[in-house]
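Secondary and tertiary structure notes
The residues making up each chain are set out below.
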Amino acid sequence: YLEIGLNDPLYNYVSIMAPEKEACDPYIGEEITPVISKYLTYHMTSDKMFEQMPADKKYDLIFVDGLHEGNQVVRDVINSLKHLNPNGLIVIHDCLPTQEYHAEYPYNKENPKRQYPQAFDETWNGTTWQALPALDKLGIKYEVVDYEFGLGIIRYQEGDFTPIEVE
């Protein structure tokens, strides 16, 4: 299992039952707490991680929840396909924002639409959704499940995809 965009490991990462797990996050401008450092395998961008990763390193499941920027999601998917076992899955988080301000880029904590009388809406999906039409153009097949702000699911089978070099 590989998780791109670890953020808070207690939110998702620790719940994944897999014999081998790895995580990637640059944690730019954030403190790396002891909890985070316990689970963080690659303290770098996903681009840098894939650049350094041996070609024969493979995963059964890759969860893409990193930068929340459409072009980066496309690069993460293309790179992930090169490291996915046959019948493996790539799951992309944040494909279906429910509010326009959830899809703003960059995240704006001061957006007045985030303010509710009794609470603050910190949900942010970014422009992840923009990766979907780009994946279509590349011939990458996926399904989107309307759960947890939209999960894009790619199941890789031999012959489905010819690897493309990331620009």
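Refer to the structure printed above.
A brief structural summary. From a predicted model like this one, the values you see are computed outputs, not experimental measurements.

Across its full length, the chain holds four helices and six strands. In sequence order, the chain lays out its α and β elements as β-β-α-α-β-α-β-α-β-β. Relative to the globule expectation of 15 Å for 167 residues, the C-alpha radius of gyration of the chain, 16 Å, shows essentially globular dimensions. Taken along the three principal axes of its C-alpha coordinates, the chain extends 50 × 40 × 30 Å. For the chain, buried positions account for 43% of its 167 residues. Counting contacts in the chain only where the partners sit at least 6 residues apart, residues at least 24 apart contribute 58% of the total. Within the structure as shown, the chain displays about 9,700 Å² of accessible surface, and the carbon and sulfur contribution to it stands at 52%. For the chain, the distance from the average site of its 13 positive side-chain charges to the average site of its 28 negative ones is 3 Å.

What follows covers the sheet that holds strand β5 (residues 143-145). The mixed open sheet is built from six strands, whose spatial order is β2-β1-β3-β4-β6-β5. The open sheet has two free edges, formed respectively by β2 (22-24) and β5, since each of these has just one partner strand. Strand-to-strand twist across the sheet, computed as the mean angle between neighbouring axes with direction ignored, equals 20 degrees. Packed on one face of the sheet, helix α3 (residues 70-81) meets β1 (2-4), β3 (59-64), β4 (84-93) and β6 (151-155) and runs near 165 degrees to β4.

Taken as a whole and assessed by the stated rule, the structure comprises three salt bridges. Ionic pairing is found between K57 and E22, a salt bridge with its closest N-O pair at 3.1 Å. You can see K57 sitting in the loop between α2 (46-52) and β3 and its partner E22 sitting in strand β2, a full 35 residues away along the chain. With relative accessibility at 25%, the residue K57 sits in the partly exposed group. Accessibility expressed as a relative area gives 15% for E22, which makes it buried.

So, how was this worked out
Residues numbered from 1 in each chain as written. Predicted model: local features only at pLDDT ≥ 70, side-chain atom pairs only at ≥ 80, totals over all residues. Heavy atoms only, no water. Helix = DSSP H or I, 4+ residues; strand = E, 2+ residues; numbered from the N terminus. Rg over C-alpha atoms; globule rule 2.2 N^0.38 Å. Buried < 20%, exposed > 50% of the residue type's maximum accessible area, 1.4 Å probe, protein only. Contact = heavy atoms within 4.5 Å. Areas by Shrake-Rupley, 256 points an atom, 1.4 Å probe, with all protein chains shown as cover. Lys, Arg positive; Asp, Glu negative; His and termini not counted. Charge placed at Lys NZ, Arg CZ, Asp CG, Glu CD. Pairing = 2+ DSSP bridges. Axes fitted to C-alpha atoms, helices over the stretch in contact; angles between N-to-C directions. Salt bridge = Lys/Arg side-chain N within 4 Å of Asp/Glu carboxyl O.

Function cannot be inferred from these measures alone, as they are strictly geometric.
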